[in-house]
Structure formats: structure tokens, C-alpha cells
Protein chains: 2
Amino acid sequence: MAQKGSNSTVKLLGTWSSPFALRGRVALHLKSVEYEYIEEADVLNSKSDLLLKSNPIHKKVPVLIHGDVSICESLNIVQYVDESWPSKPSILPSDPKDRAAARFWAHFVDGNCFESIDAAAGAKDEAGRMTAAGSLIECLAALEEGFQKSNKGGDFFGGQNIGYVDIACGAILGPLSVIEGFQWAEIFKAHEAVKPYMPTVAEFIEFAKQKFNV
Amino acid sequence: MAQKGSNSTVKLLGTWSSPFALRGRVALHLKSVEYEYIEEADVLNSKSDLLLKSNPIHKKVPVLIHGDVSICESLNIVQYVDESWPSKPSILPSDPKDRAAARFWAHFVDGNCFESIDAAAGAKDEAGRMTAAGSLIECLAALEEGFQKSNKGGDFFGGQNIGYVDIACGAILGPLSVIEGFQWAEIFKAHEAVKPYMPTVAEFIEFAKQKFNV
């Protein structure tokens, strides 16, 4: 059942392979928002007019198009969805301290974690890959420590339910199939708001081959 | 007069030269929060125990210490201040669409704008500096266009009062004394919540000389 919040049409422009578009889809699913999903068909080679028009600054998916307004940047989209459809479940916690902690870790994922992932993907030799992998392992250890400190009982960062940090972290699961087997990752990927949108490891490998010409 | 919001003590750990610490000071000033400002004395050469303990992940100022909780990352601090002391003036707008736009532009400042500033500062030759300066000019043009589109009448991004995007943009004013003379910059720097914390151009030049050994 669609939640009340707005009568305007909702569209999400994404690609199946985008870990950032996944965030938008999970948030919309959690809030039971009815929306049209538009696949940006050939993101590696060209960008659609709709993408260029709705995200002229960054020209990247995901873009949430709500009525005549475009919302860009995946974490921004998740916060927007939480605020525009304020009925339960809440994605961000209500206490300002918990909200600040959630934003801190989400920012950490997009900064430090993705920096290491990009460095590993773009490394020119084995030494570069090892250095990047070392940084990434440090990031994951910091995330794990943050999870332990902030956890209030439950499988997810915020407790019993998927929240902002889980959705932020979910974006690194695809690129990092190496972390399969971690309990949180398995629980997250199996969640009904995540499973339909999470590509398989085989699909990711095929995509990466095309992207990096290997 | 201090606003209600919390009885816990509030401290801000910063440095006078940090454009990010400036954001925290402006937000606290706008909300009339009584706080202790702690200058991180020698940020270029060493980090205090308090900084290492309160921001173990990034080890950077600013850090807002509220009771026994530390809030790191300047934009996170500004949002936290807005949410913890919810009385007027509001720093973020109330409408989700406007909030999303404000977060988008703040993120743009920290991403694209500072990337260009850092590239210019770290350029090894004149060609590199020119390329970085070109990127920065493009960023400022995009910001200006965003300002024109979102402006609802008034000197600031959000209208009549300083808001989230102004505070985010205020951080680039120090490093960029080149944009002196722009009307928004002059109005922002003269504001009573900003003026006490904004270093002079001469102070910035002296600091940059030490930082970059020139």
C-alpha cells in the first residue's frame, strides 16, 4: 500500500549495477512508495536526455524525480524519502545524537570506504591493490567498531530495523563480494526491501569486466 | 541568551584557520548556544589528546563535544546544532524539497569546490593551477546559478536569513580571498554570527605560507 506523503508522481532513474541507485530503491521500498523505476540503459557509453536534464551538475544516477523536482545524490535521496514520507518505518533515528552518528558513518562509507574501493579498482599494479585493500580492511574494521558501539540490540546498525547506515553500507556490498559471509551482509541482502534490487555476484563480475575492459 | 536544548556542556574544538570550524562557530552563534571554544593549538605539527580521543577516525577539527558525545564533520555538526536546539532561527529549511536542495549544494561545496581549491593549492606548475582555477570558476558559476534558482528573495541562499548553504559556502571564503567583492560574500562576512570568527586575508596568507612552506 502506498503511503501518503504526496500526490505527485515519483520516478527513480537508476542502473541495475549502481550501488547508489540501490540505496534509493531500498528507501522507497521501505516506505512503500509507489514509483516508476527507469533504467538508464547504457550508462557506460551514453547518458539519456532525462539524466542530463534532471542532474545537470553531476550527470549521474540515481535521480529521484518527484513531481517537477529532481533530487540527486543517493544519501540525499534517502533522507528526502524519509522526510517526505514521514510515516513508519523511520530510516533515520529520531534522536539528534543518533542522527549525527548515522550521518557520520554514512559519510564515512562514501568517503573513506569508496575511496579505498576506487583505489583498488584503479590500481595499476599488485602493490597498489594491496595498499588499497589494506585501507579498505581498516575502513571495514572501523565500521565494525562503530556498529558494536552504536548497536542497541538487533541485526542492523540502528537496531531491529534497517536504517540509514545499513542503506549506506549496502552500497558497498555489491562491489565487495569479498565480504560475503559476514553476518550483517547476509541479513541485509536477504531483507525483502533489498533482495529484489541487489545484483548477483556473477552479474557484478560481468559488469566490471565491461567497465574496466578486462 | 542561551537557548534551551540541553543542560550538557558544549565545547567546540577548532582552529582559527579552519574554514570547517568556522561553520560550527557560526551555527552555535546563530542558535545562541553557550559553549567553550577550545583552540587546537598547533594543528600543523601535532594533535592534542582531546582531538585524538574525540575524533579517532579522522583526527580533524572541528569536533563538537556535547556532554559525553562527540560530533565530527562540520556539516554534520551544523545539522546536529539545528536539530538539538530547534528554536528559531532554523538553519535548514523545513520543506523536504528545500532541505534536499540545501544538502545537495552543501555537498557540492565540500566535494567539487574544495576539490578544485585543493588542486589549485597542490598544483605543481602554472598549468595545473590554471586547470584547477578553471574548475573552481565552473563550480562558482554552478553555485551562483543554484543561488538564483532557489532564491526566494533575500541576500542569502535560503532567503532573508543565513542558512545551511550559506554556512557551507562560508567555508570557501577564507581560502578564496579572490572572491572578495562579491555581494553575497561581503554580506555574509559582515554578519554578526560570522564576523568574529572569520580570519582576515592577511592572517590567511601568513597561515598558508607556514602550511605550504613558501
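This one's a predicted model, so the numbers in the text were calculated from it and none came from an experiment. (Residues numbered from 1 in each chain as written. Chains lettered and ligands numbered in written order. Predicted model: local features only at pLDDT ≥ 70, side-chain atom pairs only at ≥ 80, totals over all residues. Heavy atoms only, no water.)

Colleague: Explanation requested: the overall build of chain A in the structure shown.
Modeller: The helix and strand tally for chain A stands at eight helices and four strands. Overall, chain A shows an N-to-C arrangement of helices and strands of β-α-β-α-β-β-α-α-α-α-α-α. Counting only residues that meet the buried cut, chain A has 46% of its 214 residues in that class. For chain A, the proportion of contacts with a sequence separation of at least 24, taken over those separated by at least 6, is 61%. (Helix = DSSP H or I, 4+ residues; strand = E, 2+ residues; numbered from the N terminus. Buried < 20%, exposed > 50% of the residue type's maximum accessible area, 1.4 Å probe, protein only. Contact = heavy atoms within 4.5 Å.)

Colleague: In this structure, what is going on with the packing of helix α1 (residues 19–30) of chain A against helix α6 (residues 164–173) of chain A? I would like to understand it.
Modeller: In helix packing, the relevant descriptors are the interaxial angle and the interaxial distance, both defined with respect to the helix axes. All names here are of chain A. At a minimum axis separation of 8 Å, α1 and α6 run at an interaxial angle of 140°. Here α1 lies oblique to α6, going by the angle between them. α1 and α6 meet at a crossing whose hand is right-handed. Judged by residue contacts, Pro19, Leu22, Arg23, Val26, Ala27 and Leu30 of α1 engage Ile167, Ala168, Gly170 and Ala171 from α6. Looking at the contact of α1 with α6 residue by residue, the class counts come to eight nonpolar, one polar and one charged. (Axes fitted to C-alpha atoms, helices over the stretch in contact; angles between N-to-C directions. Parallel < 35°, antiparallel > 145°, perpendicular 65-115°, else oblique. Left-handed = near helix turned anticlockwise from the far one by under 90°. Nonpolar A, V, L, I, M, F, W, Y, C, P; charged D, E, K, R; others polar.)

Colleague: It is not clear to me how the packing of aromatic side chains should be interpreted in this structure. Could you clarify?
Modeller: Where two aromatic rings form a pair, the distance of their centres and the angle of their planes describe that pair. In the structure shown here, the tally under the stated rule is ten aromatic pairs over all chains. For the pair Phe20 of chain B and Phe114 of chain B, a centre-to-centre distance of 4.8 Å together with 40° between the ring planes defines the contact as tilted. Pair noted here: Phe20 of chain B is in helix α1 (residues 19–30) and Phe114 of chain B is in helix α4 (residues 96–122), with a separation of 94 residues, a long-range link. Given the relative accessible area of 26%, Phe20 of chain B is considered partly exposed. With centroids separated by 4.7 Å and ring planes inclined at 80°, the aromatic side chains of Phe147 of chain B and Phe157 of chain B adopt a geometry described as edge-to-face. Here the residue Phe147 of chain B occupies a position in helix α5 (residues 126–150), and Phe157 of chain B occupies one in the loop between α5 and α6 (164–173), the gap between them amounting to ten residues. The residues Phe147 of chain B and Phe157 of chain B share a single accessibility class, namely buried. Three or more aromatic residues link up through ring pairs in this structure, and these residues are Phe104, Trp105 and Phe108 of chain A. One Lys or Arg, Arg25 of chain A, reaches over the ring of Tyr37 of chain A and ends 3.6 Å from the middle of that ring. (Phe/Tyr/Trp six-rings, centres within 6.5 Å; stacked < 30°, edge-to-face > 60°. Lys NZ or Arg CZ within 6 Å of the ring centre and 35° of its normal.)

Colleague: So what exactly am I meant to see when it comes to helix α4 (residues 96–122) of chain A here?
Modeller: All names here are of chain A. Helix length check: α4, at 27 residues, gives a terminal C-alpha distance of 38 Å against a target of 39 Å (1.5 Å per residue), a fit within 8%. Of all the bends in α4, the largest measures some 35° and sits at Phe114. Of the residues flanking the start of α4, the one acting as N-cap is Asp95, its side-chain oxygen 2.8 Å from the backbone nitrogen of Lys97. (Expected span 1.5 Å × (residues − 1). Bend = angle between axes of the 7 residues up to and from the residue. Polar contact = N/O pair within 3.5 Å; in protein donor to acceptor, adjacent residues only side chain to side chain.)

Colleague: Quick question: what am I supposed to make of the relation of the copies chain B and chain A here?
Modeller: In summary, the two copies of the chain are related to each other by a rotation about an axis coupled with a shift along it. Expressed as a screw operation, the relation of chain B to chain A combines 0.0 Å of axial shift with a rotation of 180°, fitting to an RMSD of 0.0 Å. Taken together, the rotation angle and the small translation identify this as a two-fold axis. Most of the interface of chain B is mirrored in chain A: 100% of its interface residues are interface residues there too. (Least-squares fit on C-alpha atoms with pLDDT ≥ 70 in both.)

Colleague: Please explain the interface of chain B and chain A as it appears in this structure.
Modeller: By a widely used convention, the size of an interface equals the accessible area lost when the partners come together. Taken residue by residue, the interface counts 23 residues in chain B and 23 residues in chain A. Remark: the boundary between chain B and chain A carries four salt bridges. The partner of Arg99 of chain B in a salt bridge is Glu83 of chain A, with the nearest N and O atoms 2.9 Å apart. At the boundary of chain B with chain A, the tally comes to eight residue pairs in polar contact (both at pLDDT 80 or more). Among the elements that take part in the side of chain B that touches chain A, α4 of chain B stands out by supplying ten residues, more than any other. Across the side of chain B that touches chain A, the residue classes tally to eleven nonpolar, seven polar and five charged. (Salt bridge = Lys/Arg side-chain N within 4 Å of Asp/Glu carboxyl O.)

Colleague: What exactly am I supposed to notice about the pairing of strand β4 (residues 69–72) of chain B here?
Modeller: The side chains of a regular strand alternate between the sheet's two faces. Inspection of the sheet shows strand β3 (residues 63–66) of chain B paired to β4 of chain B by four bridges, in the antiparallel sense. Bridge pairing in β4 of chain B links Val63 of chain B to Cys72 of chain B. (Pairing = 2+ DSSP bridges.)

Colleague: What's the story with the side chain of Asn76 of chain B in this structure? I'm lost.
Modeller: Assignment of secondary structure puts Asn76 of chain B in helix α3 (residues 74–84). For Asn76 of chain B, a relative accessible area of 6% gives the class buried.

Colleague: Before we go on, may I ask you to explain the pattern of salt bridges in this structure?
Modeller: Pairs can form between side chains of opposite charge whenever their charged atoms are close. On inspection of all chains with the given rule, the structure shows eleven salt bridges over all chains. Two residues, Arg23 of chain A and Asp110 of chain A, come together in a salt bridge whose shortest N-O distance is 2.7 Å. One end of the pair, Arg23 of chain A, is in helix α1; the other, Asp110 of chain A, is in helix α4, with 87 residues separating them in the sequence. Relative accessible area serves as the criterion here: at 1%, Arg23 of chain A is assigned to the buried category. The closest approach of N and O atoms between Lys31 of chain B and Asp82 of chain B, which form a salt bridge, is 3.0 Å. In this pair, Lys31 of chain B sits in the loop between α1 and β2 (36–39) while Asp82 of chain B sits in helix α3, placing the two residues 51 residues apart along the sequence.

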